[in-house]
Amino acid sequence: MNTEIGDEAAIVFAAQFYSSIGFGKNLQQAFDQAKAALLLKGIAEEHTPVLYVRKGLLAQDIVMVESEALKKSDNVTIMQKIKNIFS
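Sequence order as written defines the numbering, with residues in each chain counted from 1. The predicted nature of this model means local features are confined to residues of pLDDT at least 70 and side-chain atom pairs, given and counted, to a pLDDT of 80 or more, with totals for whole chains, interfaces and linings taken over all residues. Excluded from the side-chain calculations are hydrogens and water; all other atoms, namely the structure's heavy atoms, are used.

Trainee: How should the packing of aromatic side chains be read in this particular structure?
Mentor: Each aromatic ring pair is summarised here by two numbers: the centre-to-centre distance and the angle between the ring planes. Note on aromatic pairs: the rings of Phe, Tyr and Trp (six-membered ring only in Trp) are paired at centre separations within 6.5 Å, and the planes decide the class, stacked below 30 degrees, edge-to-face beyond 60, tilted for the rest. Counted by the stated rule, this structure contains three aromatic pairs. Through successive ring pairs, a cluster of aromatic residues spans Phe13, Phe17, Tyr18 and Phe31.

Trainee: Which parts of the structure should I look at to understand the nonpolar core?
Mentor: Grouped burial of nonpolar side chains is what soluble globular proteins tend to show. Think of a nonpolar core as a cluster: buried Ala, Val, Leu, Ile, Met, Phe, Trp, Tyr and Cys residues, connected wherever their side-chain atoms sit within 4.5 Å. Burial classes follow relative accessibility: with a 1.4 Å probe on protein chains only, a residue under 20% of its type's maximum area counts as buried, one over 50% as exposed, and anything between as partly exposed. Counting 15 residues, the largest nonpolar core has Val12, Phe13, Phe17, Ile21, Leu27, Leu38 and Ile43 as the members making the most contacts within it. Counting residues per element, the ones that place at least two in this core are α1 (7–22) and α2 (27–40). By definition, any uninterrupted DSSP run of H or I lasting at least four residues is a helix, any uninterrupted run of E lasting at least two residues is a strand, and each is numbered from the N terminus. When residues in this core are grouped by element, the largest group, six residues, is from α2. Beyond its immediate stretch of four places on either side in the chain, Val12 contacts Ala37, Leu38, Lys41 and Ile43. Pairs of residues are marked as contacts when any of their non-hydrogen atoms sit within 4.5 Å.

Trainee: Looking at this structure, I do not really get the packing of α1 against α2. What am I missing?
Mentor: Helices that pack against each other are described as a pair by the angle of their axes relative to one another and the distance between those axes. Orientation of α1 relative to α2, taken along the N-to-C sense of each, is 145 degrees, at an axis distance of 8 Å. Relative to α2, the crossing made by α1 is right-handed. Counted together, Ala9, Val12, Phe13, Gln16, Phe17, Ser20 and Ile21 of α1 and Leu27, Ala30, Phe31, Gln33, Ala34, Lys35, Ala37 and Leu38 of α2 form the full contact between these two elements. To obtain each axis, a line is fitted to C-alpha atoms, and for helices this fit is confined to the stretch in contact; angles are then taken between N-to-C directions over 0 to 180 degrees. In this scheme the crossing of two helices becomes right-handed for a clockwise turn of the near helix relative to the far one and left-handed for an anticlockwise turn of less than a right angle.

Remember, this is a structural readout, not a statement about activity or role.
What follows is the structure, given as structure tokens:
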């Protein structure tokens, strides 16, 4: 957050952000959906959250939870992918 955020905004943002991650959205999609949730609730703090990603990485390439379909179609384990992201 680039400044203090209200309690309701923090709850709405976090709930949508982590829900999106849990449903297999990439980091950028989760962030965008969480900001949209603030707007849908009429909370004018959509400019407070800021997404920072380490240099050389793209938020749209970071997926924390994979869908079952992706798991079955790919032989690379989630742990191998995490190691690749942070190496």
